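# Survey of secondary and tertiary structure
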Amino acid sequence: MVGGWGTGFRDFVGYGERIKCSNCNNNVIEHIYVTYSYEMFIVKWRHMGDRGSEKGDGYIQFLCPTCLHGFQIMGLEAVVMAKNNIAKYSAKHDTGKADTFAIDAQRKILAAVDRFDIQATKSWFNSIGFMSKRSAKKTLERFGLIDI
């Protein structure tokens, strides 16, 4: 396939906290995934946002590896796009919601970074191939999780 669109692509990017899952009651280490759309023209170009995407695009997901139950928050790039859209709307309708949204979203991203288990993730990161490392590193930076 030379060209096309894809939505809701999900990538594993590391490990979170050790939790007791509220859904299946297992003691597990959270798996962290990110979602994004992609465009394929010989190589895959990943992007967040409106083009061919679905609602969960640009999210960080903390999931139980057993039952896939968990929660999600917006990633850094999706937050910036949403803030810009809110700011455009606010300018037309005289509301000040963009700053409040940005502060709340930044707080959630910082909480996600705190939940991110860097030691377990580094161990996984060191075990994958060079191209996978490069891709994972770019993804982690784009979502605002960490710079390994």
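Residues numbered from 1 in each chain as written. Predicted model: local features only at pLDDT ≥ 70, side-chain atom pairs only at ≥ 80, totals over all residues. Heavy atoms only, no water.

On to the pattern of salt bridges. What the rule picks out here adds up to five salt bridges. Across the pair E17 and R115 runs a salt bridge, and its minimum N-O distance is 3.9 Å. Linking E17 in strand β1 (residues 3–20) with R115 in helix α2 (residues 97–115), this pair joins segments that are 98 residues apart in sequence. Among the residues examined, E17 registers a relative accessible area of 36% and is labelled partly exposed. Residue class for R115 comes out partly exposed when judged on its relative accessible area of 23%. Of the charged contacts in the structure, one is a salt bridge between E141 and K137, with a shortest N-O distance of 2.7 Å. You can see E141 and its partner K137 sitting in helix α4 (residues 130–143), four residues apart, about one turn around the helix. Judged by its relative accessible area of 35%, E141 falls in the partly exposed class. Sharing partners across several salt bridges, the network here consists of E17, E30 and R115. (Salt bridge = Lys/Arg side-chain N within 4 Å of Asp/Glu carboxyl O. Helix = DSSP H or I, 4+ residues; strand = E, 2+ residues; numbered from the N terminus. Buried < 20%, exposed > 50% of the residue type's maximum accessible area, 1.4 Å probe, protein only.)

A separate point is helix α1 (residues 76–93). A rise of 1.5 Å per residue sets the reference length of α1, with its 18 residues, at 26 Å; its end C-alpha atoms lie 25 Å apart and thus fit the reference within 8%. In this structure, the buried residues of α1 make contact with β5 (70–74) and α2. (Expected span 1.5 Å × (residues − 1). Contact = heavy atoms within 4.5 Å.)

Packing of α1 against α2 brings their axes to within 8 Å, and their N-to-C directions diverge by 165°. Classified by the interaxial angle, the pair formed by α1 and α2 is roughly antiparallel. Considering only the axes of α1 and α2, their crossing is right-handed. For the pair α1 and α2, contact is made by L76, V79, A82, K83, I86, A87 and S90 and by K97, A98, D99, F101, A102, A105, Q106 and I109, respectively. (Axes fitted to C-alpha atoms, helices over the stretch in contact; angles between N-to-C directions. Parallel < 35°, antiparallel > 145°, perpendicular 65-115°, else oblique. Left-handed = near helix turned anticlockwise from the far one by under 90°.)

Moving on, we come to the packing of helix α3 (residues 118–127) against α4. One way to put it is that α3 packs onto α4 with a least axis distance of 8 Å and a crossing angle of 145°. In this structure, α3 uses W124, F125 and N126 to contact α4, whose residues at the interface are K133, A136 and K137. Taken together, the residues of the contact of α3 with α4 break down into three nonpolar, one polar and two charged. (Nonpolar A, V, L, I, M, F, W, Y, C, P; charged D, E, K, R; others polar.)

Turning next to the confidence of the model for the chain. Considering every residue of the chain, the mean pLDDT works out to 80; 79% of them sit at 70 or more. For the chain, strand β3 (residues 43–47) is the element with the lowest average pLDDT, namely 58, and strand β4 (residues 59–63) is the one with the highest, namely 90. (pLDDT = per-residue confidence, 0-100.)

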